[in-house]
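# Secondary and tertiary structure notes
One-letter residues, chain by chain:
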Amino acid sequence: MAILIKRPAAIKPSEITDRALYFDRRRFLRASLLSTVGLPALLARPRIASAALTVHELPPGPFSTHETMTPYQDTTTYNNFYEFGTSKGDPSRYAGAMSTNPWTVAVTGACRHPAIYHLEDFIRPYALQERIYRHRCVEAWSMVIPWIGVPLRDILRRCVPSGDARYVEFTTLYDPREMPGQRSDILQWPYLEGLRMDEAMHPLTLLAVGMYGRVLPNQNGAPLRLVVPWKYGFKSIKSIVKIRLVKNQPVTTWMRAVPQRYGFYSNVNPAVDRVPWSQRYERRIGDFFKRKTLMFNGYGPEVAHLYAGMNLAKYY
Amino acid sequence: MRNPAFTRRMVTSLTVAGCLIPLAFVAYRTLTGTLGANPISNLTNRTGLWSLRLLLATLAVTPLRRLSGWTWLMPARRILGLFAFFYGLLHLVVYLALNQAFSATLILGDLSRPFIIAGYLSFTLMVPLAATSTMGAMRALGPRWQLLHRLIYAVAILAVLHYLLLVKIDFQPPEAYGALLVLLLSYRIGASLRRRIAGPVSRHAQTRTTQTSGQSPQRSD
């Protein structure tokens, strides 16, 4: 099941226009990903997935970092996805049992065109983009991951949010038969996350369907996950089945579990640590020495204006 | 059980061998590079967990011996305690050398954190216990030895606290270790109350029984 996401060798970039090249690339990328949406169970297994290909030669999309990417092996075996267990290896061990086909996504709430989509239909209208983002976990480790997805704003615009849509609420699949972690009440299931409307509409915010040029492995939140790179990793909710536009600020799973530690915003902030450990430093997976954590995970120039005038120690 | 010297040797060597298994496992995983994506965090967790487990095992020896009458267990106690100290030392070294890379900024910055304070205290209190674990120290200290070694209760409470204070959300494992510790400590509290209520006569009788079962009184509890 190797999917070559590569330009055909016969076509040299010099022989076609930049625009044609671009469209050809994105059409090919989209086609390849969607053709595999039907086989996510197979692809989710790292051993089989490693036979698939990478898209490193594709030009990285907007906002992409040039930092060294975290090896695929690490990104797919060191996960927090409590639906499959609390240890880092549990998701890669057990997520293979989750069936991601068929998969439906409901877009509901305060919008003109609420609908329930099959995943393929949900993604088909958009050009997939690659975004190489830093990922900072609240546990003070970080990675660099090449995501493939669609800006959330494009998807939200399609449903035409109404004036009451001030927040977006996301819900993960609830299926204790396939998600053994949901049989324990360590968190309240299903997992729920939320963004303020302007955060959701920010061009950095991505709905991902793939990474490293492949379909998302199950342990990384297949088939559809959020990526909000300036917030701690737990905000980037996995395996989404529902997107709801709401008037009031959602009470997210982590806020409900430990409100004094986890707030609604959960922006990466080295100066505020409400968890027992320090947020001032982080270990990039693969590095020996810790590095300084950057405000908004280094995305301050893009997002700081969203929080102008807000006391971020209070709105943590 | 016929040959006490042989039994003692067997129990001692089996305990030492058992206590070395986690070290061998960790060494193997380190040398083969199979500690996962975050090897430093993995090493920290494993060494800390084994220190706590062996502390609880040390505390379980006396109640187990009293309840079962298995006096041959006693030589295991000191070895378990020394290995609890050994894994605790490894845990501290991994934290200082690998986690914080001996950076004064990082190490001092952590000193205000409750879980770090509990960890340092727990380890520090283990030092005098490990240092006075020899027969010579036992003889030299006499009855004060037992008094000093009651510090292990504080060590274990602080170790569980250290764990409880650092977890993100999954409080179940530290709570389970905490519950086990409460059980082991309440056995001792119960035993001590019973002795006090029973008074000097039966206390004398109890001493006699322990002596006949080959147990020197200052080594009990």
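Residues numbered from 1 in each chain as written. Chains lettered and ligands numbered in written order. Predicted model: local features only at pLDDT ≥ 70, side-chain atom pairs only at ≥ 80, totals over all residues. Heavy atoms only, no water.

Let's shift gears to the overall build of chain A. Each helix and strand in chain A was counted, giving 10 helices and 12 strands. The 316 residues of chain A split such that 57% are buried. When the accessible area of chain A is evaluated, it comes to approximately 13100 Å², of which 55% is carbon and sulfur surface. (Helix = DSSP H or I, 4+ residues; strand = E, 2+ residues; numbered from the N terminus. Buried < 20%, exposed > 50% of the residue type's maximum accessible area, 1.4 Å probe, protein only. Areas by Shrake-Rupley, 256 points an atom, 1.4 Å probe, with all protein chains shown as cover.)

What follows covers the overall build of chain B. The helix and strand tally for chain B stands at 9 helices and 0 strands. In chain B, the succession of helices and strands from N to C terminus is α-α-α-α-α-α-α-α-α. Each of the 221 residues in chain B was classed as buried or not, and the buried ones make up 41%. Residue pairs in contact within chain B that sit at least 24 positions apart in sequence constitute 69% of those at least 6 positions apart. (Contact = heavy atoms within 4.5 Å.)

Residues and elements named next belong to chain A. Inspection of the entire model under this criterion finds 21 aromatic pairs over all chains. Look at F234 and W254: their rings are 5.9 Å apart centre to centre, the planes differ by 50°, and that puts the pair in the tilted class. With F234 in the loop between strand 9 (225-227) and strand 10 (240-246) and W254 in helix 9 (residues 253-257), this residue pair connects regions lying 20 residues apart in the sequence. F234 sits in the buried class, given a relative accessible area of 11%. (Phe/Tyr/Trp six-rings, centres within 6.5 Å; stacked < 30°, edge-to-face > 60°.)

A separate point is the packing of helix 3 (residues 74-99) of chain B against helix 5 (residues 114-131) of chain B. Residue and element names in this part refer to chain B. Two elements in contact, helix 3 and helix 5, have axes whose closest approach is 10 Å; the angle formed by their N-to-C orientations is 140°. Considered as vectors, helix 3 and helix 5 are oriented oblique to each other. Of the two elements, helix 3 crosses helix 5, and the hand of that crossing is left-handed. The residues of helix 5 that touch helix 3, namely those facing L82, A84, F85, G88, L89, L92, Y95 and L96, are I116, Y120, F123, M126, V127 and A130. (Axes fitted to C-alpha atoms, helices over the stretch in contact; angles between N-to-C directions. Parallel < 35°, antiparallel > 145°, perpendicular 65-115°, else oblique. Left-handed = near helix turned anticlockwise from the far one by under 90°.)

Now for the interface of chain A and chain B. In this assembly, 27 residues from chain A lie in contact with 21 residues from chain B. Sorting the residues of chain A by area buried against chain B places P276(A), R283(A) and F288(A) first, and these three jointly supply 26% of that buried surface. Between the two partners, chain A and chain B, sit 2 salt bridges. For R113(B), the salt bridge goes to D273(A), with nearest N and O atoms at 2.8 Å. (Buried area = accessible area lost by both parts, 1.4 Å probe. Salt bridge = Lys/Arg side-chain N within 4 Å of Asp/Glu carboxyl O.)

One turn of the α-helix equals 3.6 residues, which is why residues spaced by three or four share an orientation. For helix 3 of chain B, which comprises 26 residues, the first-to-last C-alpha distance of 37 Å matches the rise-based estimate of 38 Å (1.5 Å per residue) to within 8%. In the segment just after helix 3 of chain B, A101(B) is the residue with positive phi, at about 50°. (Expected span 1.5 Å × (residues − 1).)

Now for unusual backbone geometry. Residues and elements named next belong to chain A. Put simply, N101 and P102 share a cis peptide bond, and its omega is 0°. Inspection of the secondary structure puts P102 in the loop between helix 5 (90-94) and strand 1 (104-109). Here A222 and P223 are connected by a cis peptide whose omega angle stands at -5°. One can find P223 in the loop between strand 8 (214-215) and strand 9. For Y212, which is not glycine, the phi torsion reads 55° and is therefore positive.

As a further point, take empty space enclosed by the protein. To find leftover empty space, one rolls a probe the size of a water molecule over the atoms. Residue and element names in this part refer to chain A. Under the criterion given, the structure shown has 6 cavities of 30 Å³ or more. Reported here for the second largest cavity is a volume of approximately 330 Å³. Lining the second largest cavity we find 26 residues, and of these N80, F81, G233, F234 and K238 sit closest to its centre. Among the elements that take part in the lining of the second largest cavity, strand 4 (residues 141-151) stands out by supplying 4 residues, more than any other. Taken together, the residues of the lining of the second largest cavity break down into 14 nonpolar, 8 polar and 4 charged. (1 Å grid on protein atoms, 1.4 Å probe; cavity = no way out; pocket = protein on both sides within 12 Å on 5 of 7 lines; lining within 4 Å. Points joined across faces, edges and corners; volume = space filled by probe spheres on them. Nonpolar A, V, L, I, M, F, W, Y, C, P; charged D, E, K, R; others polar.)

To continue, consider the pattern of salt bridges. All names here are of chain A. Evaluation of the coordinates by the stated rule reveals 17 salt bridges over all chains. The shortest N-O distance in the salt bridge between R196 and D198 comes to 2.8 Å. In this structure R196 comes out as buried when scored by relative accessible area, which is 14%. Residue classification places D198 among the partly exposed residues on the basis of a relative accessible area of 31%. In this structure, D287 engages R291 in a salt bridge whose closest nitrogen and oxygen atoms are separated by 2.8 Å.

All names here are of chain A. Counting buried residues in strand 3 (residues 129-136) gives 8 out of 8 residues, a clear majority hidden from the surface. Taking every second residue as pointing to the same face, both faces of strand 3 are buried, with Q129, R131, Y133 and H135 on one and E130, I132, R134 and R136 on the other. The hairpin formed by strand 3 and strand 4 contains 4 residues between the paired strands, and A140 there has a positive phi angle of roughly 70°. (Pairing = 2+ DSSP bridges.)

Take the confidence of the model for chain A next. Residues of chain A with pLDDT of at least 70 account for 81%, and the chain-wide mean is 86. The low-confidence segment residues 34-57 of chain A, where pLDDT is below 50, has 50 contacts with residues more than four positions distant or belonging to other chains. (pLDDT = per-residue confidence, 0-100.)

Right, let's talk about helix 7 (residues 152-159) of chain A for a bit. Here helix 7 of chain A has its buried residues at L152(A), I155(A), L156(A) and C159(A). Buried residues in helix 7 of chain A, looked at end-on, bunch into an arc of 95°, giving them a common side. (Arc of directions from axis to C-beta.)

Residue and element names in this part refer to chain A. Ordered in space as 2-1-10-5-6, the 5 strands form an open sheet in which the pairing is mixed. What marks the edges here is a single partner per strand, and that holds for strand 2 (115-118) and strand 6 (192-196). The mean angle between the axes of side-by-side strands here comes to 15°, regardless of whether they run parallel or antiparallel. Here 4 bridges tie strand 1 to strand 10, and the two strands are oriented parallel to one another. Bridged to G109 within strand 10 is L245. Helix-sheet contacts for helix 7 involve strand 1, strand 2, strand 5 (167-172), strand 6 and strand 10, and the interaxial angle to strand 10 is about 65°.

This paragraph deals with the side chain of D90(A). Turning to its location among the elements, D90(A) is positioned in helix 5. Contacts of D90(A), omitting those with residues within four sequence positions, involve F84(A), G85(A) and A95(A).

Turning our eyes to something else, we now look at the confidence of the model for chain B. Summary statistics for chain B give a mean pLDDT of 90 and a share of 89% for residues scoring 70 or more. Overall, residues 202-221 of chain B carries pLDDT values under 50, and its contacts beyond four positions in sequence, including any with other chains, amount to 27 contacts.

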